[in-house]
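Structural features, examined
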Amino acid sequence: MRGNAQGLTKRQLLSATTVTRSRELRRNAGEPEHRLWRALREALPGLKFRRQVPMGPYHADFCSHAARLIVEIDGDDHAAKPERDEARTRFLKHEGYAVIRFANADVMTNLDGVVAVIGARVADKQKGRP
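To keep things clear, this report deals only with the structure shown in the data block. (Residues numbered from 1 in each chain as written. Predicted model: local features only at pLDDT ≥ 70, side-chain atom pairs only at ≥ 80, totals over all residues. Heavy atoms only, no water.)

1. A few points about the nonpolar core
If you look at the biggest cluster of nonpolar residues, it comprises 20 residues, and the most contacted ones within it are Leu 36, Phe 49, Phe 62, Leu 69, Val 71, Phe 102 and Ile 118. Elements with a minimum of two residues in this core: helix 3 (31-43), strand 3 (69-74), strand 4 (98-103) and helix 6 (111-126). Apart from residues no more than four positions distant in its own chain, Leu 69 is found in contact with Phe 49, Phe 62, Cys 63, Ser 64, Tyr 97, Ala 98, Ile 100, Ile 118, Arg 121 and Val 122. If you look at the next biggest cluster of nonpolar residues, it comprises eight residues, including Val 53, Ala 60, Cys 63 and Ile 70. (Core = buried A, V, L, I, M, F, W, Y, C linked by side-chain atoms within 4.5 Å. Buried < 20%, exposed > 50% of the residue type's maximum accessible area, 1.4 Å probe, protein only. Helix = DSSP H or I, 4+ residues; strand = E, 2+ residues; numbered from the N terminus. Contact = heavy atoms within 4.5 Å.)

Encoded structure:
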């Protein structure tokens, strides 16, 4: 059976405000997120990524459910609050996802390298490596 005891999926259990927030985040994405989104679709077309996916109290920047992989793009404000990112990463790992983090600057200056790291992580996961 798909979903919970009532047949509702996680998506159907989300509040309307969560869905609205996800849409807002996608619409107002920064240039690093736009660039990575295009690059992932071109470089890894067989791997489906979703943007701004609600995960508990958080929204994952990019998520591949099939690969159980989350890619986070961190802006300058993330350096000021590392404990918040650590808590977020712990939560996402507890949900069964590997998390890769990149700084905005990495995406803007080394997009090919970022995509290569993501591709390598996906390949490792497909081979059964953590």
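Having seen the structure, we can now continue with the description.
2. Things to note about the packing of aromatic side chains
Applying the stated criterion across every chain yields a total of two aromatic pairs. Plain terms: the ring middles of Trp 37 and Phe 62 are 6.2 Å apart, the flat faces sit at 20° to each other, and that makes the pair stacked. With Trp 37 in helix 3 and Phe 62 in strand 2 (residues 58-64), the pair connects residues that are 25 residues apart, well separated along the chain. An identical accessibility class is assigned to Trp 37 and Phe 62; each is buried. Above the ring of Trp 37, the side-chain terminus of Arg 51 is found at 4.9 Å from the ring centroid. Across from the ring centre of Tyr 97, 4.0 Å away, lies the NZ or CZ of Arg 68, which sits over that ring. (Phe/Tyr/Trp six-rings, centres within 6.5 Å; stacked < 30°, edge-to-face > 60°. Lys NZ or Arg CZ within 6 Å of the ring centre and 35° of its normal.)

3. Side note on the sheet that holds strand 1 (residues 50-55)
On the basis of which strands lie adjacent, the open sheet formed by four strands has the order 1-2-3-4 and mixed pairing. Since the sheet does not close on itself, it has two edges, and those belong to strand 1 and strand 4, each with one partner. Ignoring which end each strand starts from, the neighbouring axes of this sheet average 40° apart. As paired strands, strand 2 and strand 3 are joined by three bridges and run antiparallel to one another. When the bridges of strand 3 are listed, Phe 62 appears paired with Val 71. Against the sheet, helix 3 engages strand 1, strand 2 and strand 3, with an angle of about 25° to strand 2. (Pairing = 2+ DSSP bridges. Axes fitted to C-alpha atoms, helices over the stretch in contact; angles between N-to-C directions.)

4. Some thoughts on helix 4 (residues 82-94)
The end-to-end C-alpha distance of helix 4 is 18 Å, a good match for the 18 Å that 13 residues give at a rise of 1.5 Å each. Within helix 4 the residues assigned to the buried category are Asp 85, Arg 88, Thr 89 and Leu 92. The buried residues of helix 4 occupy one face: seen down the axis, they fall within an arc of 100°. Residues of helix 4 that are exposed and point more than 90 degrees away from the buried face comprise Glu 83, Arg 90 and His 94. Each element contacted by the buried residues of helix 4 is listed here: strand 1, strand 2, strand 3 and strand 4. (Expected span 1.5 Å × (residues − 1). Arc of directions from axis to C-beta.)

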